[in-house]
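What follows is the residue order along each chain.
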2 protein chains.
Amino acid sequence: MTKIKEGYKNEKEIFLEHIQKAGLRRTAQRDLILEIFLKTEEHLTSEDLYWLVQKQDPSVGHTTVYRTLKLLTEAGLAREVRFGDNKTYYEHHYNHEHHDHLICTECGKVVEFFSPEIEAMQDATAHKFGFVPTHHSLRLWGICEDCQQTTHESHPSMASGAQPRVRVKTVVGS
Amino acid sequence: MTKIKEGYKNEKEIFLEHIQKAGLRRTAQRDLILEIFLKTEEHLTSEDLYWLVQKQDPSVGHTTVYRTLKLLTEAGLAREVRFGDNKTYYEHHYNHEHHDHLICTECGKVVEFFSPEIEAMQDATAHKFGFVPTHHSLRLWGICEDCQQTTHESHPSMASGAQPRVRVKTVVGS
DNA sequence: TTTTCAATGCGAAGCATTTCCATTATCGGC
DNA sequence: GCCGATAATGGAAATGCTTCGCATTGAAAA
């Protein structure tokens, strides 16, 4: 039991706990999907994960990946995010700080940020209207530094609000 | 030209202007769809609008409603909103203050709010990361006052994050 | 009025996601 | 270690929202 794997181990334990508590069963597919999910960088779709899983076990189907991602979300290991392209992306949730997203409308770059001030004001706003806040989603769109400097030919794939396939992840605390 | 209709008139003018500027054509269908859209309360899907239009002109098809809503959005008369149920809702945009949404996870009630402080901090955050902000989406989920008081049987239709059909609109400035 | 080409509306296609269901596999109990 | 109940799987089919293709219609410039 090396020190390095401890992070993974914990998440696997969380998963097992959730599985047992819900009266579900541990399967090789779920183990594999979790393992591969844990190794990824953030913001991948069920489809993305499906292809990664395929490489190791071509017998796994789309359906199982969808179902397992939902399971991981329930277990608190994954979080669903949408960027407006009608796809559901997933990112790590357990042991990861909560954050919001800043998205470049030109190149699709995604910057993750966290602002305690904004968080506090959101909670205050919810309470002001009598709500007990549970969660939220804040997305800011704009043009990133790089894209401001290049000539204004917007990418064809972005023309009608479409999002690019590749996302640059940049985690910045604040 | 009565005073009362001036608001509508303006929006129709905006639409015509947009139509002409883009080299498009004015049609009876577009006029009808705009007219009905203007009369609605907020947060309706293309499908919702389609049925309203059907009542007055059964010959109009889904496609035209979709296309026209997109047109209205480009013209700045409508705004697309998503509440997480994979449907695109539209709300009035022209002559309506920008606002964000507070959504009850129990009954689906939607409260619209505006917080200049949060807006300012969002812009500041974008700039901090070198972005020129264009637009944003902020949604807060929680349990509304009414639902906090009732017993905790969550509505079946909301069980897996589904959204209700009927939305209560409440505009509150702040 | 003629001409041009945008707009329409139907059905079909796309796309992400879910459902169906027969088959397979887990896991508690014997 | 073997059974048996039943959860899980995966492939195909279905779903729900949205868009496309295309033949036809119609707006508006000439």
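Just above, that's the structure.
Draft legend 1. Expanded view of the packing of aromatic side chains. All names here are of chain B. The full count for this structure, using the stated rule, is six aromatic pairs over all chains. On the numbers, 5.0 Å between centres and 70 degrees between planes, the contact of Tyr-50 with Trp-51 is edge-to-face. For the ring pair Phe-83 and Tyr-89, a centre distance of 5.3 Å and an interplane angle of 65 degrees mean the geometry is edge-to-face. With respect to class, Phe-83 is no different from Tyr-89; both count as buried.

Draft legend 2. Structural view of the pattern of salt bridges. Residue and element names in this part refer to chain A. If you walk through the whole model with that rule in mind, you get eight salt bridges over all chains. Ionic pairing is found between Asp-31 and Arg-26, a salt bridge with its closest N-O pair at 2.9 Å. Relative accessible area serves as the criterion here: at 24%, Asp-31 is assigned to the partly exposed category.

Draft legend 3. Here's a closer look at the protein's contact with DNA strand C. The immediate surroundings of DNA strand C are formed by 19 residues, with Lys-70 and Thr-88 of chain A together with Arg-30, Thr-64 and Arg-67 of chain B found nearest. Of what DNA strand C places within 4 Å of the protein, 67% of the atoms are sugar or phosphate. For DNA strand C, a phosphate oxygen lies 2.9 Å from a polar atom in the backbone of Arg-26 of chain A. The contact in question runs from a phosphate oxygen of DNA strand C to an N or O atom on the backbone of Gly-61 of chain B, over 3.3 Å. For the surface near DNA strand C, the secondary structure elements donating two or more residues are helix H4 (62-74) of chain A together with helix H2 (28-39) and helix H4 (62-74) of chain B. Considered class by class, the residues forming the surface near DNA strand C number three nonpolar, nine polar and seven charged.

Draft legend 4. Spotlight on the protein's contact with DNA strand D. Taken together, 19 residues are adjacent to DNA strand D, and Thr-64 and Arg-67 of chain A together with Arg-25, Lys-70 and Thr-88 of chain B come closest. A distance of 3.4 Å separates a base nitrogen of DNA strand D from a polar side-chain atom of Thr-63 of chain B. At 2.8 Å, a side-chain N or O of Tyr-66 of chain B approaches a phosphate oxygen of DNA strand D. Secondary-structure elements contributing two or more residues to the surface near DNA strand D are helix H2 (28-39) and H4 of chain A together with H4 of chain B. Looking at the surface near DNA strand D, its residues break down into three nonpolar, nine polar and seven charged.

Draft legend 5. Here's a closer look at helix H3 (residues 46-56) of chain B. Where H3 of chain B is concerned, the buried positions are Ser-46, Leu-49, Tyr-50, Val-53 and Gln-54 of chain B. Angularly, the buried residues of H3 of chain B cover 145 degrees about the axis, an arc narrow enough to put them on a single face.

Draft legend 6. Summary view of the sheet that holds strand E1 (residues 44-45) of chain A. All names here are of chain A. Taken together, the three strands give an open sheet; going across it, the order is E1-E3-E2, and neighbouring strands pair in antiparallel fashion. Of all the strands in the sheet, the pair left with one neighbour each is E1 and strand E2 (78-81). In the packing of H2 onto the sheet, the strands contacted are E1, E2 and strand E3 (89-92), and the crossing angle to E3 comes to about 75 degrees.

Draft legend 7. Spatial organisation of the relation of the copies chain A and chain B. Turning chain A through 180 degrees and shifting it by 0.0 Å along the axis lays it on chain B, with an RMSD of 0.1 Å. With respect to symmetry, the two chain copies, as superposed, fit the operation of a two-fold axis. Residues of chain A ranked by C-alpha distance from the rotation axis are headed by Leu-138 of chain A, positioned 2.2 Å from it. Interface residue correspondence from chain A to chain B reaches 100%, placing this contact among same-surface, isologous pairings.

Draft legend 8. View of the environment of Arg-30 of chain B. Residues and elements named next belong to chain B. Structurally, the position occupied by Arg-30 is in helix H2. In the structure, Arg-30 is positioned 41 residues away from Leu-71 in sequence and 9.3 Å away in space, judged by C-alpha atoms. Leave out the neighbours within four places in its chain, and Arg-30 touches Phe-15, Ile-19, Leu-24, Arg-25, Thr-68 and Leu-71.

Draft legend 9. Up close: the interface of chain A and chain B. On the side of chain B, 36 residues touch chain A, which itself brings 36 residues to the contact. Between chain A and chain B the total buried area reaches about 3300 Å² when both faces are included, carbon and sulfur atoms providing 65% of it. Our count for the contact surface shared by chain A and chain B stands at zero salt bridges. Here chain A is connected to chain B by 13 residue pairs in polar contact (both at pLDDT 80 or more). Of all elements in the fold, only strand E4 (100-104), strand E5 (110-113), helix H5 (116-128), strand E6 (132-143) and helix H6 (145-149) of chain A reach the threshold of two or more residues within the side of chain A that touches chain B. It is E6 of chain A that contributes the most residues to the side of chain A that touches chain B, 12 residues altogether.

Cut-offs and rules
Residues numbered from 1 in each chain as written. Chains lettered and ligands numbered in written order. Predicted model: local features only at pLDDT ≥ 70, side-chain atom pairs only at ≥ 80, totals over all residues. Heavy atoms only, no water. Phe/Tyr/Trp six-rings, centres within 6.5 Å; stacked < 30°, edge-to-face > 60°. Buried < 20%, exposed > 50% of the residue type's maximum accessible area, 1.4 Å probe, protein only. Salt bridge = Lys/Arg side-chain N within 4 Å of Asp/Glu carboxyl O. Near = heavy atom within 4 Å. Polar contact = N/O pair within 3.5 Å; in protein donor to acceptor, adjacent residues only side chain to side chain. Helix = DSSP H or I, 4+ residues; strand = E, 2+ residues; numbered from the N terminus. Nonpolar A, V, L, I, M, F, W, Y, C, P; charged D, E, K, R; others polar. Arc of directions from axis to C-beta. Pairing = 2+ DSSP bridges. Contact = heavy atoms within 4.5 Å. Axes fitted to C-alpha atoms, helices over the stretch in contact; angles between N-to-C directions. Least-squares fit on C-alpha atoms with pLDDT ≥ 70 in both. Buried area = accessible area lost by both parts, 1.4 Å probe.

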